Amino acid sequence: MAALTPDVPATLRHLSLRYHEFDSPDHLSPTERQVWEAARTATAHSYAPYSGFHVGAALLLEDGSLVQGTNQENAAYPSGLCAERTALFGLGGRPSPPPRIVGMSVAGRPAAGDFTPALPCGACRQVMLEYEMRQGQPIWLLLPSVGGTVLRFERLADLLPFHFSPGDLPPRL
Ligand code: THU
């Protein structure tokens, strides 16, 4: 990588990120475990004949209810949608303002096989973050990572620094 020439005025900034890494889901709280399991059971309803990767997402709402979503694929490949977004858009499309989202989790596995790491794609992170910003309350997130570990983020904003925001749009005419 080319170094900056010494006379160029630039500030080197550092970004730090906080999350917990659990050795296994056995260490989650009962509520967290419920959301974790709901994401896993959701994978049974995934429609993934093309990738063979079955993804489930679960949202825990403030009233204690759970919303599940799964990836839905299509023969015209880009027309499909990720599990995180089917869950969020399903909730967001409800006729009355839904209860706020407290936490969420994601799970993924091959059609016939055990669960694997499943981290949200960039597009899902952008969508997830806007739901968090809209409700003005952080959403925790549990993600399955390598070696059976679980990552716990306190807020979705931590997953997408330098995101695009509604404020980046020009004023409407
Ligand atoms: N997928 C998700 O459901 N969520 C993600 O965050 C990443 C990927 C799905 C999309 C596609 O159906 C399959 O996984 C393979 O990319």
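Above this note sits the structure.
Residues numbered from 1 in each chain as written. Predicted model: local features only at pLDDT ≥ 70, side-chain atom pairs only at ≥ 80, totals over all residues. Heavy atoms only, no water.

Enquirer: Would you mind going over the site of the ligand in detail, with residue names and values included?
Expert: Every residue lining the ligand is accounted for by Ser51, Phe53, Val55, Asn71, Glu73, Cys82, Ala83, Glu84, Leu119, Pro120 and Cys121. Measuring from an oxygen atom of the ligand, one finds a backbone N or O atom of alanine 83 at 2.9 Å. Calculation on the ligand without its partners gives an accessible area of 370 Å², and the protein chains cover 73% of this total. Going through the elements one at a time, strand S2 (53–61) and helix H2 (83–92) are the ones with two or more residues in the shell around the ligand. (Near = heavy atom within 4 Å. Polar contact = N/O pair within 3.5 Å; in protein donor to acceptor, adjacent residues only side chain to side chain. Areas by Shrake-Rupley, 256 points an atom, 1.4 Å probe, with all protein chains shown as cover. Helix = DSSP H or I, 4+ residues; strand = E, 2+ residues; numbered from the N terminus.)

Enquirer: Can you explain the environment of leucine 12? Please cite residues and give values.
Expert: With respect to the secondary-structure elements, leucine 12 resides in the segment before strand S1 (20–22). Judged by its relative accessible area of 73%, leucine 12 falls in the exposed class. With 156 residues separating them along the chain, leucine 12 and aspartate 168 place their C-alpha atoms 24 Å apart. (Buried < 20%, exposed > 50% of the residue type's maximum accessible area, 1.4 Å probe, protein only.)

Enquirer: Can you explain the side chain of threonine 43? Please cite residues and give values.
Expert: Along the polypeptide, threonine 43 turns up in the loop between helix H1 (30–42) and S2. Exposure remark for threonine 43: the relative accessible area of 1% places this residue in the buried category. When sequence neighbours within four positions are dropped, the list of residues in contact with threonine 43 reads His54, Val55, Gly56, Thr70, Ala107, Arg109 and Phe115. (Contact = heavy atoms within 4.5 Å.)

Enquirer: Tell me about helix H3 (residues 122–135), and name the residues and values.
Expert: If you check H3, its first and last C-alpha atoms are 20 Å apart, about what 14 residues at 1.5 Å a residue would give, namely 20 Å. Looking only at H3, the buried set comprises Cys124, Val127, Met128, Leu129, Tyr131, Glu132 and Gln135. Buried residues along H3 sit against H2, strand S4 (101–110) and strand S5 (140–144). (Expected span 1.5 Å × (residues − 1).)

Enquirer: If you had to explain a nonpolar patch on the surface to someone new, which residues and values would you point to?
Expert: On the surface, Tyr47, Tyr50 and Tyr77 cluster together into a nonpolar patch covering about 360 Å² of accessible area. Relative to the elements of secondary structure, tyrosine 77 occurs in the loop between strand S3 (66–70) and H2. (Patch = residues over 30% accessible without salt bridge, like charges linked within 9 Å, V, L, I, M, F, W, Y side chains within 5 Å. Salt bridge = Lys/Arg side-chain N within 4 Å of Asp/Glu carboxyl O.)

Enquirer: Can you explain unusual backbone geometry? Please cite residues and give values.
Expert: You will see that phenylalanine 162, though not glycine, has its phi angle at about 60°, which is positive. Structurally, the position occupied by phenylalanine 162 is in the segment after strand S6 (150–153). The exposed category is assigned to phenylalanine 162, whose relative accessible area is 78%.

Enquirer: So what's going on with the nonpolar core? Residues and values would help.
Expert: With 24 residues, the main nonpolar core has Leu59, Leu88, Ile101, Met104, Met128, Leu141 and Leu143 as its most contacted residues. Contributions of two or more residues to this core are made by S2, H2, S4, H3, S5 and S6. Formed by 12 residues, the second largest nonpolar core is a distinct cluster that contains Leu28, Val35, Ala38 and Ala58. (Core = buried A, V, L, I, M, F, W, Y, C linked by side-chain atoms within 4.5 Å.)

Enquirer: I'd like a rundown of the side chain of asparagine 71, residues and numbers included.
Expert: Mapped onto the elements of the fold, asparagine 71 is located in the loop between S3 and H2. Among the residues examined, asparagine 71 registers a relative accessible area of 6% and is labelled buried. A polar contact is formed between the side chain of asparagine 71 and the backbone oxygen of phenylalanine 53, at a distance of 2.8 Å. One polar contact links the side chain of asparagine 71 to the main-chain amide nitrogen of valine 55, over a distance of 2.9 Å.

Enquirer: Just give me the short version of H1, but keep the residues and values in it.
Expert: Over its 13 residues, H1 extends 18 Å from the first C-alpha to the last, a length consistent with the 18 Å expected when each residue adds 1.5 Å. Buried within H1 are the following residues: Glu32, Val35, Trp36, Ala38, Ala39 and Ala42. Here the buried residues of H1 occupy an arc of 160° about the axis, which is enough to place them on one side. Contacts made by the buried residues of H1 are with S2, S3, S4, S5 and S6. (Arc of directions from axis to C-beta.)

Enquirer: Let's hear about the pairing of S2: which residues, and what values?
Expert: Summarising burial for S2: 8 of the 9 residues are buried, a large majority. Relative to S4, S2 is paired through 9 bridges, and the arrangement is antiparallel. Bridge pairing links leucine 59 to methionine 104 in S4. Between S2 and S3, which pair antiparallel one after the other, the connecting turn spans 4 residues, and glycine 64 there sits at a positive phi close to 90°. (Pairing = 2+ DSSP bridges.)

Note that every value here comes from positions in space, so none of it alone points to a role or purpose.
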